[in-house]
Structure formats: C-alpha cells, structure tokens
Amino acid sequence: MKYVLVTGGVVSGLGKGVTANPYLNTDAGTMSPFEHGEVFVLDDGGEVDLDLGNYERFLDIKLTRDNNITTGKIYQSVIDKERKGDYLGKTVQVVPHITDAIQEWIERVAMIPVDGKEGPADVCVIELGGTIGDIESMPFIEALGQFSYHVGPGNFCLVHVSLVPVLNVVGEQKTKPTQHSVRGLRGLGLTPNILACRSTKPLDENVKEKLSQFCHVPAENIITLYDVSNIWHIPLLLRDQKAHNAIFKGLNLSGVAKEPVLEEWTARARLCDMLHDTVRIAMVGKYNGLSDAYLSVLKALLHASIACRRKLIVDWVAASDLEDATKEEMPDVYKAAWDLLKGADGVLVPGGFGDRGVQGKILAAKYARENRIPFLGICLGMQTAVIEFARYVLNLQDANSTEFDPETTNPCVIFMPEGSKTHMGGTMRLGSRRTFFQVTDCKSAKLYGNVSFVDERHRHRYEVNPDMVAQLESAGLSFVGKDVTGRRMEICELTQHPYFVGVQFHPEFKSRPGKPSALFLGLIAASCGQLGALLKNSGHVNKQQLLMMKKIPMSNGSSAVKVHQNGNSNKAAAAGLFNGVYANGNGNGVHI
C-alpha cells in the first residue's frame, strides 16, 4: 500500500479538505452547521465532515464511517481497550497508545475497497485536519511521523498545502508564511515532498526558486493552486503542472501508473465557462447565506444546471423573513425576501432542524403550489410541504409536526418510533435506505429511469404520519415512494403540478458531476422548460452532451454558479491530485 498525506499550513480553509479531524466529537452529527458547515451522511449512516462529500463527488467513490478518524474516536477506542484490560496493566499514554491506535486505524481502513471493486486500493490518501502547529493535531502529527518511517521511503508522499499571499501595498508574492509553515512541519518530524501553494495568481519563477531553496523541495514539485473561474479547472491545473508525475516519483510508481484521463473534466470546465442562459433557484432555508451549511445541495444544483446548459443563480431567502412577524418588524426585509421568491424560476426548501423559519418554509411551499412554480422539498422541506397541504387544501388549520406542536390535533408529521429523545448523536434514521415506487407513471420514477426502487441516504427523526396519508392522498397529494413496510412516506408529488416533489431522504449526497441527482435534475429542468423532454428520455441526460462539451473552446467567461464558494472550489485540490489516476482513496477523520 502506498500513502499520500495532505497537510495544511499558515491558515485554515486553503482547500486541502479534512481527513483527520482533531476535534473530540466522535462524529460530526452534533456539530453546528454555523461552525463546520453541513453534516455529510454516508451510506452506512456515518455522519462526517463535509469534506468527505468532496472526496466522494470528485472520485465517485463510497466511503464509510471508518474513513473519518476523529480524536474522539481514537481516545474512545483506547479507553475501551484499557477498560477491558488489553494493555495488561501498562500506563496508557498518548505515545505510544494513542499514536499506535491512529496508525492501526489508517492501515486497517486503507484496505477497505471504496470504489465498488474487489481488493484494496493501490494508494490511500490521508488528509490531516487543521493547521500545522495546532495543539489539537499533535497526536496525529506524531503518529503520521512515525507512520512515514514505518512504511518506508517510496511508500509515503507528503503534500503540504500552504498560502503565498500578496500584500496590496507591495504587490509582491510573499514566501515567509510558507517557509515558517514548512519549518514547523519539519520540526515535527515530517518533510514535504510537494508544496501546493494557494495564491491569487500563478507563482513567479523566482518565488518558486526561493521556496525550493528555503523549504528543501524541488522546484518542479512546487505547484500553484491559483484562483480559477470554476471548480472543474482544479484537476486540470494540477495535471498541467505535472503534479501527478511528482506523486508517481515520490511513490515509485513512474513506470506503473497511467496518465490522468480528464477529457470529461476538461469538457465540463469549458462548458461551465461558456454558460450564459440562467436558471434562478430560491433557496428557502434557515442558515441564510451560509453556503457550507448547504454545500451538497449547492453542488447538486450545480451538477443539474450544467447538465441542462444553464448558469445557476442561487437566491438565498431566509425562511423567517417570509413570515408575518418580519412584515411587522422589518417590512423592507419582508418585501425583499418575497421579491426574491417571486422572481425565482424554481424553489428549493432544504432539510434542517428546529422550529425557526418553519412557517416561512410552509409559505414558500404554498406559493410554489398555488403558482405552479417548480418545487423540491428535502427532509424537513417535504414535511413542511405536507403541513402546508393539510392546512390550506384540507383546511386543517392546526395541522403541524409534533416536533413543533406536540399538542396538535392533526399531527401530519410524527416522531419516528425507534428514535431517541434523550440522546442526540447517531440516534436518527441514518444512511442508505430503500424506497419503492408505488406507481410507475410519476415524475420521480421517470427521472430515476423507470426503476422499481432507489437507495438514498437519510438523516431525520420525524416522518409523515401514515395514519393521515389516505386523507392527504384523497385531496391530491400522492405518496409515490414508500419504504418496504409501506408505512414510511419517502416521496410525495402533486400530480397536476408541473413539478412539485418532496422527499424524506437527501438526494444531494449522491449527486456527482457527471451523474446529477435525478430529482435535482428534475427541478432544474422544470425551472427552465426542459422537463418534458427529459421525462421522455426516462430522466437521462443525452449522452451526446458530453461529446458536444469537448468541442466547446476554452473561454475566460463567467463561472456557472454565482453563490459564494467560500473556498470550496479549492478543496478539489487534494481529490484532484488523484482523480483519474487511482481508483481508490479513503477519508473520514483523518480522511483516509
């Protein structure tokens, strides 16, 4: 097994992604989206850092909860062993017990296939969270220093992602931050083979030479990750600077590994730059403007928009701004929110927890239903659509979820039977579950390719009340997808609406650049008048589109998405190094 370690220096958020997370939480499930962005859910129900989503999307792989190592998981495993007496009375210490546990975890998980093929990967990618020098990361850094010695030369390659800033006053690229970062890394027992330098523009040759001299890294192994027009250019940037050759050399794979196959990536990057016709989606959520909190949703919208040849514009609408209380207190804010909603081509209400903004989400669903605007509700978004239908179509004025009103006489949404109301972490309905289509002649089934069932990932505690389904369906809300028992409502549709779909699961987690999520594709297609043609093709994007992409000339035009990327375009860096080169990689804590 060969190992590539990705570390970061100077500041966080440079784009390396996160592999080994130095926080004490055992998973990301209870962490605030305001601080850490979305919680990404894996097939096995693991709740992990959003960067694992970037690895899954870029490499088209399926990771497991064990691909994410946190300090909490490591300490918990060591303490459990100590309690069982596995250490035979020895004094349990950070070195060697914690550091050994980290190394053992990496070696074990590296052998687990994640690409759907038999046998382990050739290369395991390890990503260390935080910044070199963080006190929380010290056990991991010590463990990885030992690990590099343990696996030996030719089996370990360290990529250090750093910052080369330009001071406005001087206009000069400054190397000192990177020099200090590398010096700190070397002082901790790790020597970088490759420097990936974040900057606004390509590094000047004299800057590369200076970094090479002071950081003891060959100039050809110093890669510039400069700002680009869209995320798809990142792997191309790395390829053009021969980053893959540097890795081949560091891992003694020069005579074995093949050149990256990036024709599809090149076509997508070019197409993305050329898009001008827009599709405007109103995102009615709780974490207004916090793009990381809805990262997978934004990526799924982007994937679908590119497939439909549209430039995506996301209008953030704070759900609470649509409510009557805002109208009384801040009428200008209220008007601005409704203007955005009414100006959108489509409406998306994502998942979330808590009662803040719920009435606004209900009103957004009502507006989309009454005005025949394409609508997609995810998890809580579906639940609020059901509540809206019960209130304004069935005239059940107090219809609600028991999450928000335990005393409601018309509980449309109820607490799931196996959930826990006392423990938060890992107690929801999590991971991949199967949904069976109840009818074939519905938009959702057609978008999925006329299959009889789909497997999608879940993360929720409350569900549509099965005892109210007959009443809802009699009024026109059709539950076209259910679980194997028929008691859990998974997909609902308004059959007479151009596109009004609610899902209990999170389809965004399985969207890929070349394989957009079916329901997101349906939303975008409906929002730009392409749904009819798409449904005739059983939900599949025309295969000729990718061939056409390759003929589009490169352009310096605008990006295909206008939402604030918050550095996520650069998180492609670590994954991009290996895309099209290796079949496998792991990531989950120390993203392995």
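The name recorded for the protein chain in an unreviewed UniProt entry is CTP synthase, from Macleaya cordata. UniProt, in its Sequence similarities (unreviewed entry) section for the protein chain, records the words "Belongs to the CTP synthase family." The record in UniProt for the protein chain states the following under Function (unreviewed entry): "Catalyzes the ATP-dependent amination of UTP to CTP with either L-glutamine or ammonia as the source of nitrogen."

Novice: Honestly, the overall build of the protein chain in this entry has me stumped. Any pointers?
Specialist: Scanning the protein chain from N- to C-terminus turns up 21 helices and 21 strands. Taking contacts inside the protein chain between residues at least 6 apart in sequence as the whole, the part at least 24 apart equals 75%. Of the roughly 23800 Å² of accessible surface on the protein chain, a fraction of 51% belongs to carbon and sulfur atoms.

Novice: I tried to follow the confidence of the model for the protein chain on my own but got confused; where do I start?
Specialist: It should be kept in mind that the predicted coordinates are not to be read in detail where pLDDT is low. Mean pLDDT over the protein chain works out to 84, with 84% of the residues at or above the 70 mark. Under a pLDDT of 50 for its full length, residues 18-27 has, in the predicted model, 59 contacts with residues more than four places off or in other chains. A low-confidence stretch, residues 543-590 stays under pLDDT 50, and its non-local contacts, those more than four residues away or across chains, total 169 contacts.

Novice: Hey, could you run me through the nonpolar core in this one?
Specialist: Generally speaking, soluble globular proteins have nonpolar side chains that are buried together. Within the largest apolar cluster, 54 residues are counted, with the highest numbers of intra-cluster contacts made by Met283, Leu301, Leu348, Leu519 and Phe520. Beyond its immediate chain neighbours, meaning those up to four positions away, phenylalanine 520 contacts Val297, Ala300, Leu301, Ala304, Leu348, Leu376, Ile378, Pro507 and Glu508. With 46 residues, the next largest nonpolar core counts Val317, Ala365, Tyr462 and Leu494 among its residues.

Novice: Please clarify how the packing of helix H4 (residues 94-110) against helix H5 (residues 138-151) should be interpreted in this entry.
Specialist: For any two helices packed against each other, the geometry is given by the interaxial angle and the distance between the axes. At a minimum axis separation of 9 Å, H4 and H5 run at an interaxial angle of 65°. As for the relative orientation of H4 and H5, their crossing is right-handed in sense. Across the interface between the two elements, Val94, Val95, Ile98, Thr99, Asp100, Ile102, Gln103, Ile106 and Glu107 of H4 pack against Pro139, Phe140, Glu142, Ala143, Leu144, Gln146, Phe147 and His150 of H5.

Novice: Just checking my understanding: could you explain the sheet that holds strand S15 (residues 411-415) for this structure?
Specialist: Whenever strands of a sheet pair, they do so through backbone hydrogen bonds, lying parallel or antiparallel. Read from one edge to the other, the open sheet built from 3 strands follows the order S14-S15-S18, with strand pairing classed as mixed. In the strand order of this sheet, the two ends are held by strand S14 (400-401) and strand S18 (462-464), each with one partner. Inspection of the sheet shows S15 paired to S18 by 3 bridges, in the antiparallel sense. Its bridge partner lying in S18, valine 413 is registered against valine 464. Contacts between helix H15 (residues 380-392) and the sheet are confined to S14, S15 and S18, with S15 contributing the most and set at about 150° to the helix.

Novice: It is not clear to me how the environment of glycine 45 should be interpreted in this structure. Could you clarify?
Specialist: With respect to the helices and strands, the residue glycine 45 is situated in the loop between strand S3 (40-41) and strand S4 (47-48). For glycine 45, a relative accessible area of 5% translates into the label buried. Taking the C-alpha atoms as reference points, glycine 45 and leucine 430, separated by 385 residues in sequence, lie 4.6 Å from one another. In contact with glycine 45, not counting residues within four places along its chain, are Arg65, Leu430 and Gly431.

Novice: It is not clear to me how the pattern of salt bridges should be interpreted in this structure. Could you clarify?
Specialist: Between side chains of opposite charge, pairing is possible as soon as their charged atoms come close. One pass over the full model with this rule turns up 26 salt bridges. Residue lysine 62 is joined to aspartate 43 by a salt bridge in which the shortest nitrogen-to-oxygen separation is 3.6 Å. With lysine 62 in the loop between helix H2 (50-59) and strand S5 (69-70) and aspartate 43 in the loop between S3 and S4, the pair connects residues that are 19 residues apart, well separated along the chain. Here arginine 198 makes a salt bridge to aspartate 227, at a shortest N to O gap of 3.2 Å. Highlighted residues: arginine 198 in strand S8 (residues 194-199) and aspartate 227 in the loop between strand S9 (222-226) and helix H8 (233-240), separated in sequence by 29 residues. On the basis of relative accessibility, which here comes to 41%, the residue aspartate 227 falls in the partly exposed class. A single network of salt bridges, built from pairs that share partners, joins Asp43, Glu56, Asp60, Lys62, Arg457, Arg512 and Lys515.

Novice: Where do I start with the pairing of strand S12 (residues 346-349) in this structure?
Specialist: A regular strand places its side chains on the two faces of the sheet in alternate fashion. Residues Gly346 and Leu348 line one face of S12 and the alternating positions Val347 and Val349 line the opposite face, and both faces are buried. Bridge count for strand S10 (residues 278-285) against S12 is 3 bridges, and the pairing is parallel. Across the sheet, alanine 282 pairs through a bridge with valine 347, a residue of S12. On the question of chirality, the crossover connecting S12 to the parallel strand S13 (residues 375-378) by way of helix H14 (residues 358-370) is right-handed.

Novice: Just checking my understanding: could you explain a nonpolar patch on the surface for this structure?
Specialist: A cluster of nonpolar side chains, Leu167, Val169 and Val170, forms an exposed patch at the surface whose accessible area comes to about 330 Å². Along the chain, valine 170 falls in the loop between strand S7 (156-163) and helix H6 (176-187). Residue classification places valine 170 among the exposed positions, given a relative accessible area of 53%.

Novice: I keep staring at H15 and nothing clicks. Help me out?
Specialist: Each α-helix turn comprises 3.6 residues. Residues three or four places apart therefore point the same way. Compared with the 18 Å implied by 1.5 Å per residue over 13 residues, the 18 Å span of H15 between its first and last C-alpha is a close match. Along H15, 12 of the 13 residues are buried, which leaves the element largely enclosed by surrounding structure. Among the residues of H15, those classed as buried are Leu380, Gly381, Met382, Gln383, Thr384, Ala385, Val386, Ile387, Glu388, Phe389, Ala390 and Arg391.

Novice: Could you clarify how one ought to interpret the packing of helix H11 (residues 295-307) against helix H18 (residues 518-527) in this entry?
Specialist: Running from N to C, H11 and H18 point in directions that differ by 55°, and their axes come no closer than 8 Å. Taken together, the axes of H11 and H18 lie oblique to each other. Judged by the sense of rotation from one axis to the other, the crossing of H11 with H18 is right-handed. Note on element contacts: H18 touches H11 through Phe520, Leu521, Leu523 and Ile524, opposite Val297, Ala300, Leu301, Ala304, Ser305 and Ala307.

Calculation rules
- Within every chain, residues take consecutive numbers counted from 1 along the sequence as written.
- It should be noted that, the model being predicted, local features are given only for residues of pLDDT at least 70 and side-chain atom pairs only at 80 or more, the latter also being counted only at that level, while totals for whole chains, interfaces and linings use all residues.
- Side-chain numbers here rest on the full set of heavy atoms in the structure, without hydrogens or water.
- UniProt positions are given in the numbering used here, feature names are shortened, and annotations may be inferred rather than shown by experiment.
- To qualify as a helix, a DSSP run of H or I must reach at least 4 residues; to qualify as a strand, a run of E must reach at least 2; elements of each kind are numbered from the N terminus.
- Any two residues whose heavy atoms approach within 4.5 Å at even a single point are treated as in contact.
- Exposure was quantified through the Shrake-Rupley algorithm and a 1.4 Å probe, taking into account, for residues, occlusion by the shown protein chains and nothing else.
- Each residue gets a pLDDT score, which is the predictor's confidence in that residue and runs from 0 to 100.
- The set of buried Ala, Val, Leu, Ile, Met, Phe, Trp, Tyr and Cys residues whose side-chain atoms join them within 4.5 Å is what this entry labels a nonpolar core.
- Each residue gets one of three labels from its accessible area relative to the maximum for its type: buried under 20%, exposed over 50%, partly exposed in between, using a 1.4 Å probe on protein chains only.
- Geometry is summarised by axes, namely lines fitted to C-alpha atoms with helices restricted to the contacting stretch, and by angles between N-to-C directions that run from 0 to 180 degrees.
- The crossing is said to be left-handed when, going from far helix to near helix, the turn is anticlockwise and less than a right angle, and right-handed when the turn is clockwise.
- At least two DSSP bridges between two strands are needed for those strands to be called paired.
- Salt bridges are defined as contacts in which a side-chain nitrogen from Lys or Arg sits within 4 Å of a carboxyl oxygen from Asp or Glu.
- Orient the strands so they point away from the viewer; a crossover is then right-handed if the path from the first strand over the helix to the second runs clockwise.
- Surface patches are defined over residues having more than 30% relative accessible area and no salt bridge, joining like charges when they lie within 9 Å and nonpolar side chains (Val, Leu, Ile, Met, Phe, Trp, Tyr) when within 5 Å.
- Given a helix with a known number of residues, its expected span is that number minus one, times 1.5 Å.
- Here roughly perpendicular refers to angles of 65 to 115 degrees, roughly parallel to angles under 35, roughly antiparallel to angles over 145, and oblique to all remaining angles.

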